[in-house]
Amino acid sequence: MMELSAQDRECLSGHEGPALKHSMSLLCSVAAASGARRLVDVTQAHLVGAYYGGKADLKLVERIVATGARVAVPTTLNASSVDLRQPERYTQKEAEFRNSCRIVRLYERLGCRLELTCAPYHLPQQPQRGERVAWAESNAVVYANSVIGARTEKVYQYLDLCAALTGRIPEYGLYITENRRAKVLLRIADIPNRWLSEDSFYQLLGLVLGKLYDGRVIAVVGIPVDATEDQLRGLGAAAACTGNVSLFHAIGRTPEAPTQDAAFHGHPPEEVLSIDSSAIREVRDSLSHTTTNTVNAVALGAPHFSHAEFKRLAELLDGRRIHSSMRCFVSTSRHTYREITANGVMAVLESAGVQVLTDTCTYYGSLLRSHDAAVMTSSAKWAYYAPGNLGVSVRFERIEDCVATAVAGKLSVDEGFWGA
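To keep things clear, this report deals only with the structure shown in the data block.

### As for the overall build of the protein chain
And then number 1: Along the protein chain, the regular secondary structure elements total 15 helices and 14 strands.
And then number 2: Radius of gyration (C-alpha) of the protein chain: 22 Å, near the 22 Å computed for a compact globule of 420 residues.
And then number 3: By residue count, 56% of the 420 residues in the protein chain fall in the buried class.
And then number 4: Considering only contacts within the protein chain whose residues lie at least 6 apart along the sequence, 76% involve residues at least 24 apart.
And then number 5: Across the protein chain, the mean location of the 44 positive side-chain charges is 5 Å away from that of the 45 negative side-chain charges.

### Describing the pairing of strand 7 (residues 218-221)
And then number 1: Here strand 6 (residues 184-188) runs beside strand 7; their pairing, made up of four bridges, is parallel. By the bridge assignment, Leu-185 is partnered in strand 7 with Ala-219.
And then number 2: Each parallel crossover has a hand, and for strand 6 linked through helix 7 (residues 199-212) to strand 7 it is right-handed.
And then number 3: Sheet topology places strand 7 next to strand 8 (residues 248-250); three bridges connect them, and they run parallel. Each bridged residue has a counterpart across the sheet, and for Ile-218 the counterpart in strand 8 is Phe-248.
And then number 4: The parallel pair strand 7 and strand 8 is bridged by helix 8 (residues 229-243), and the resulting crossover is right-handed.

### A look at the nonpolar core
And then number 1: Ile-223, Ile-280 and Trp-382 are the most contacted members of the largest nonpolar core, which has 110 residues in total.
And then number 2: Excluding residues within four positions of it along the chain, Trp-382 makes contact with Ala-299, Ala-302, Cys-361, Thr-362, Tyr-363, Leu-368, Val-375, Thr-377, Pro-387, Leu-390, Val-392 and Val-394.
And then number 3: Ile-322, Met-326, Val-345 and Val-407 belong to the second-largest nonpolar core, a separate cluster that totals 28 residues.

### Quick word on the packing of helix 7 against helix 10 (residues 277-287)
And then number 1: Between helix 7 and helix 10, the shortest axis-to-axis distance is 9 Å and the interhelical angle comes to 95°. Comparing their axes, helix 10 and helix 7 come out roughly perpendicular. Within the contact between the two elements, helix 7 uses Phe-201, Leu-204, Leu-205, Leu-207, Val-208 and Lys-211 and helix 10 uses Ala-279, Ile-280, Val-283, Arg-284, Ser-286 and Leu-287.
And then number 2: Residues of the contact of helix 7 with helix 10, tallied by class, amount to nine nonpolar, one polar and two charged.

### Describing the pattern of salt bridges
And then number 1: Going through the model one piece at a time under the given rule, you end up with 24 salt bridges.
And then number 2: A salt bridge links Arg-398 to Glu-400; the shortest N-O distance between them is 3.8 Å.
And then number 3: For Glu-400, a relative accessible area of 23% puts it in the partly exposed group.
And then number 4: Each of the salt bridges in this network shares a partner with another, and the network as a whole consists of Glu-198, Arg-312, Arg-398, Glu-400, Asp-401 and Asp-414.

### As for the packing of aromatic side chains
And then number 1: For the structure on display, the rule yields nine aromatic pairs.
And then number 2: Ring centres of Tyr-384 and Tyr-385 lie 5.4 Å apart, and the angle between their planes is 80°; on these two criteria the pair is classed as edge-to-face.
And then number 3: Directly above the aromatic system of Phe-417 lies the positively charged group of Arg-194, at a separation of 5.6 Å from the ring centroid.
And then number 4: The ring centre of Phe-417 lies 4.0 Å from the NZ or CZ of Arg-398, which sits over that ring.

### Examining the environment of Arg-181
And then number 1: By secondary structure assignment, the location of Arg-181 is in the loop between strand 5 (168-170) and strand 6.
And then number 2: Linking Arg-181 and Arg-216, residues 35 residues apart in sequence, is a C-alpha distance of 8.8 Å.
And then number 3: When neighbours within four sequence positions are excluded, Arg-181 is seen to be in contact with Val-217, Ala-263, Phe-264, His-265 and His-267.
And then number 4: A polar atom in the side chain of Arg-181 sits 3.1 Å from the side chain of Glu-178.

### Digging into the environment of Thr-291
And then number 1: Secondary-structure assignment places Thr-291 in the loop between helix 10 and strand 10 (295-305).
And then number 2: We classify Thr-291 as exposed; its relative accessible area is 88%.
And then number 3: C-alpha separation for the pair Thr-291 and Ala-374, spaced 83 residues apart in sequence, amounts to 8.7 Å.

### Description of the state of the cysteines
Structurally, a disulfide amounts to a covalent bond that connects the sulfur atoms of two cysteines.
And then number 1: With the rule as written, the count across this model stands at zero disulfides.
And then number 2: With no disulfide of its own, Cys-11 has Cys-28 as its nearest cysteine by sulfur position, at a separation of 9.6 Å.
And then number 3: With a relative accessible area of 3%, Cys-11 lands in the buried category.

### Considering the sheet that holds strand 9 (residues 271-275)
What holds strands together in a sheet is hydrogen bonding between their backbones, with the strands either parallel or antiparallel.
And then number 1: Strand order in the open sheet made by the four strands is 8-7-6-9, with parallel pairing throughout. Every interior strand has two partners, whereas the edge strands, strand 8 and strand 9, have only one. Strand after strand, the sheet turns through a mean of 25° between neighbouring axes, direction not considered.

### Some thoughts on the side chain of Asp-359
And then number 1: Position of Asp-359 among the secondary structure elements: in the loop between strand 12 (355-358) and strand 13 (374-377).
And then number 2: A polar side-chain atom of Asp-359 sits 3.4 Å from the main-chain amide nitrogen of Arg-85.
And then number 3: A distance of 2.7 Å separates the side chain of Asp-359 from the side chain of Arg-334, its partner in a polar contact.
And then number 4: When near neighbours in sequence (up to four residues on either side) are disregarded, Asp-359 contacts Ala-79, Ser-80, Val-82, Asp-83, Leu-84, Arg-85, Glu-115, Leu-116, Thr-332 and Arg-334.

### Section: the sheet that holds strand 14 (residues 393-396)
And then number 1: Strands sit in the order 12-11-10-13-14 across an open sheet of five strands; the sheet is parallel. Two strands in the sheet have a free side with no partner beyond their single neighbour: strand 12 and strand 14. Strand-to-strand twist across the sheet, computed as the mean angle between neighbouring axes with direction ignored, equals 25°.
And then number 2: Of the strand pairs in this sheet, strand 13 and strand 14 are connected by four bridges, and their pairing is parallel. When the bridges of strand 14 are listed, Thr-377 appears paired with Phe-396.

### What about helix 8?
The α-helix winds at 3.6 residues per turn, so residues separated by three or four positions along the chain end up facing the same way.
And then number 1: The end-to-end C-alpha distance of helix 8 is 21 Å, a good match for the 21 Å that 15 residues give at a rise of 1.5 Å each.
And then number 2: Here helix 8 lies mainly inside the structure; 13 of its 15 residues are buried.
And then number 3: After helix 8 finishes, the residue Asn-244 shows a positive phi value of roughly 55°.

Calculation notes
- Residues numbered from 1 in each chain as written.
- Predicted model: local features only at pLDDT ≥ 70, side-chain atom pairs only at ≥ 80, totals over all residues.
- Heavy atoms only, no water.
- Helix = DSSP H or I, 4+ residues; strand = E, 2+ residues; numbered from the N terminus.
- Rg over C-alpha atoms; globule rule 2.2 N^0.38 Å.
- Buried < 20%, exposed > 50% of the residue type's maximum accessible area, 1.4 Å probe, protein only.
- Contact = heavy atoms within 4.5 Å.
- Lys, Arg positive; Asp, Glu negative; His and termini not counted.
- Charge placed at Lys NZ, Arg CZ, Asp CG, Glu CD.
- Pairing = 2+ DSSP bridges.
- Right-handed = clockwise from strand over helix to strand, strands pointing away.
- Core = buried A, V, L, I, M, F, W, Y, C linked by side-chain atoms within 4.5 Å.
- Axes fitted to C-alpha atoms, helices over the stretch in contact; angles between N-to-C directions.
- Parallel < 35°, antiparallel > 145°, perpendicular 65-115°, else oblique.
- Nonpolar A, V, L, I, M, F, W, Y, C, P; charged D, E, K, R; others polar.
- Salt bridge = Lys/Arg side-chain N within 4 Å of Asp/Glu carboxyl O.
- Phe/Tyr/Trp six-rings, centres within 6.5 Å; stacked < 30°, edge-to-face > 60°.
- Lys NZ or Arg CZ within 6 Å of the ring centre and 35° of its normal.
- Polar contact = N/O pair within 3.5 Å; in protein donor to acceptor, adjacent residues only side chain to side chain.
- Disulfide = S-S within 2.5 Å.
- Expected span 1.5 Å × (residues − 1).

What follows is the structure, encoded as structure tokens:
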């Protein structure tokens, strides 16, 4: 029998209103299906419902709003399909734009904060190690579990809303300590030293890790102890693309893996794998889906750009402007946008011709559509999703090459960097 608190039973009985009754019913059904013995508290939620997926989305959320329900824990929203701050970029008569705005406003009426970002870990209320949260965005889930050491499953759409409305989630999967134990050891070897300080390397490593993932948690040995949080974020975001990964351990770097013994909870690895530089080069080559050397746009910020990444971008521009034949888009959160506006970085980027977007990501929506030229990106996640989402040709390169190309107005890449 599953344990229910007095409050859980109140919700399930309908005494707290129809929205909470249906939410608790779904939570209990998921708990039963997953073998969970009880529901546990979560301290915050991050919902993916801000992306408009059709009329059914609107109708469901409208009905919940009509009951007067409000979220029970601090709740943020994932990226939308449009930039609500800059509506002039979209055709106002488009139904998609109107409905995208409508569904965001409905979630706001439920008490959700309109940060509209896929990177809730950049917001001030970042959870602490061991804290249980209900996050639904794939890269955020990997970051919370791996880099922070918080606890969340990939709480799929509508279950995430149920968790936000009740403050409860079934105790299953990665909420349980034993399920966080590493089972597979992945060694990286024969990697040039210059790669180990390069952000793109960690994204490529993540793509390889995702392809190796078979449901068992992987611990990686060989990642430098000074790898940055943005680099670990890139690894996790890419691994979530190719392998549905929700947790990895970097031995000596991430909080639950100070040692190999700690990562494996004192057990030996069930399997030991290794990858080398040739595997990294192979996956890098697979990301460029283009037969042309013509580039007319650069897309950065998937996941949403961090404060540190914006500073790096401004340094790389070094007073230069984006070429008149090029467009350079960067996606970020409203929170980070406020930060870079306050410290003057935004003014530098605007004078250079960089177009900063909030609320959305350019691998969906109508800002970039199929054309003859390729789009260059420094994001493995963007390169992985954009061809299918937008029909564009993609070229994946380091951010240095993205900036050089955007400024020159033609392909400008250091082809030797990924050599032996």
